[in-house]
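In case you want the letters, here they are:
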Amino acid sequence: MSWITGPLVAFDLETTGTDVETDRIVTAAVVRLEPDGAISAERTWLLNPGVAIPEQASAIHGISTRHAREHGVSAPSAIEEITQAVAEVLHSGTPLVVMNARYDLSMLDRECQRYGLESLSERLGIVPSPVIDPLVIDKHVDKYRKGKRALHALCAHYGVSLEDAHDARADAVAAARVVRCMGEKHRPVGMMSSTDLHELQVRAAAAQSASLQAYLRRTASPTAVVESAWPVIPRSR
């Protein structure tokens with residue numbers, strides 16, 4: 001059965017920065033959208049990440065260190081709840097939509113490692129699947145389109161409303177709606193099963209990384225290393 005005809009669950013994080021090895025989760029959302037786009041269930045979390053939130057990160061998502069410390073829940077307990085919620089989605093076979101999944105799912109993996117919790121992969125017994133990543137799919141189906149491919153740009157391109165950008169819940173909902181629009185516009189992708197689409201993205205993400213690596217070698221960053229694994233970057237140990 002095509003993934004586009006069934007429900008989708010979207011997952012999004014806002015964090016202290018962009019390094020999956022050292023930064024921390026600040027907010028998270030898991031939102032279920034039915035085939036008609038209606039939201040039927042949602043969970044959100046505000047964490048006390050245990051470290052100061054840099055001003056540049058706060059400027060993006062609006063959560064200050066003080067606010068997180070006063071109103072956020074303990075990071076270990078929240079990471080356990082978030083990971084279990086995502087695991088339950090994937091155990092059910094429902095596709096998990098994650099914009100730039102390589103970042104969000106790797107960040108969640110490293111937080112589990114930090115607190116000695118079972119990772120998502122360990123709970124599932126496999127690499128998280130089926131995952132649907134609007135970023136990977138857009139680069140695959142519209143390879144030569146110029147311009148940005150951040151979530152706000154994809155929403156503008158596909159005609160999806162994005163209100164309160166960089167709020168985890170709002171971004172999750174927008175990601176699910178934009179990827180459904182992609183599937184409707186690009187029917188060969190939209191008609192795939194979620195399993196086949198996941199495998200397509202594994203190959204597409206690797207090809208996209210190889211292309212970027214080749215570009216960097218031709219420019220001023222010849223020693224840069226581009227991660228090719230998707231949807232989770234393997235741990236270094």
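Owing to the predicted nature of the structure, the values given are computational and were not obtained by experimental measurement.

Draft legend 1. Representation of the pattern of salt bridges within the structure. This structure, assessed with the given rule, holds twelve salt bridges. In this structure, Arg 66 engages Glu 70 in a salt bridge whose closest nitrogen and oxygen atoms are separated by 3.1 Å. Taken together, the residues span about one helical turn, with Arg 66 and Glu 70 both in helix H2 (residues 65-71) at a distance of four residues. The two residues Arg 66 and Glu 70 agree in class, both being exposed. With its nearest N and O atoms 2.7 Å apart, the salt bridge here joins Arg 145 to Asp 138. For Arg 145, a relative accessible area of 18% corresponds to the buried category.

Draft legend 2. Up close: helix H3 (residues 75-91). Taking 1.5 Å as the rise per residue, H3 with 17 residues should run 24 Å; its terminal C-alpha atoms sit 24 Å apart, in good agreement. Taken residue by residue, H3 has Ala 75, Ala 78, Ile 79, Ile 82, Thr 83, Ala 85, Val 86, Ala 87, Val 89 and Leu 90 as its buried positions.

Draft legend 3. Structural view of the nonpolar core. Residues Phe 11, Trp 45, Leu 47, Ile 82, Val 86, Leu 96 and Leu 105 are the most contacted members of the largest nonpolar core, which totals 34 residues. Only strand E1 (8-15), strand E2 (25-33), strand E3 (39-48), H3, helix H4 (101-114), helix H5 (120-124) and helix H10 (194-218) provide two or more residues apiece to this core. For this core, the element with the highest residue contribution is H3, accounting for nine residues. Excluding residues within four positions of it along the chain, Ile 82 makes contact with Phe 11, Ala 28, Trp 45, Leu 47 and Leu 108.

Calculation criteria
Residues numbered from 1 in each chain as written. Predicted model: local features only at pLDDT ≥ 70, side-chain atom pairs only at ≥ 80, totals over all residues. Heavy atoms only, no water. Salt bridge = Lys/Arg side-chain N within 4 Å of Asp/Glu carboxyl O. Helix = DSSP H or I, 4+ residues; strand = E, 2+ residues; numbered from the N terminus. Buried < 20%, exposed > 50% of the residue type's maximum accessible area, 1.4 Å probe, protein only. Expected span 1.5 Å × (residues − 1). Core = buried A, V, L, I, M, F, W, Y, C linked by side-chain atoms within 4.5 Å. Contact = heavy atoms within 4.5 Å.

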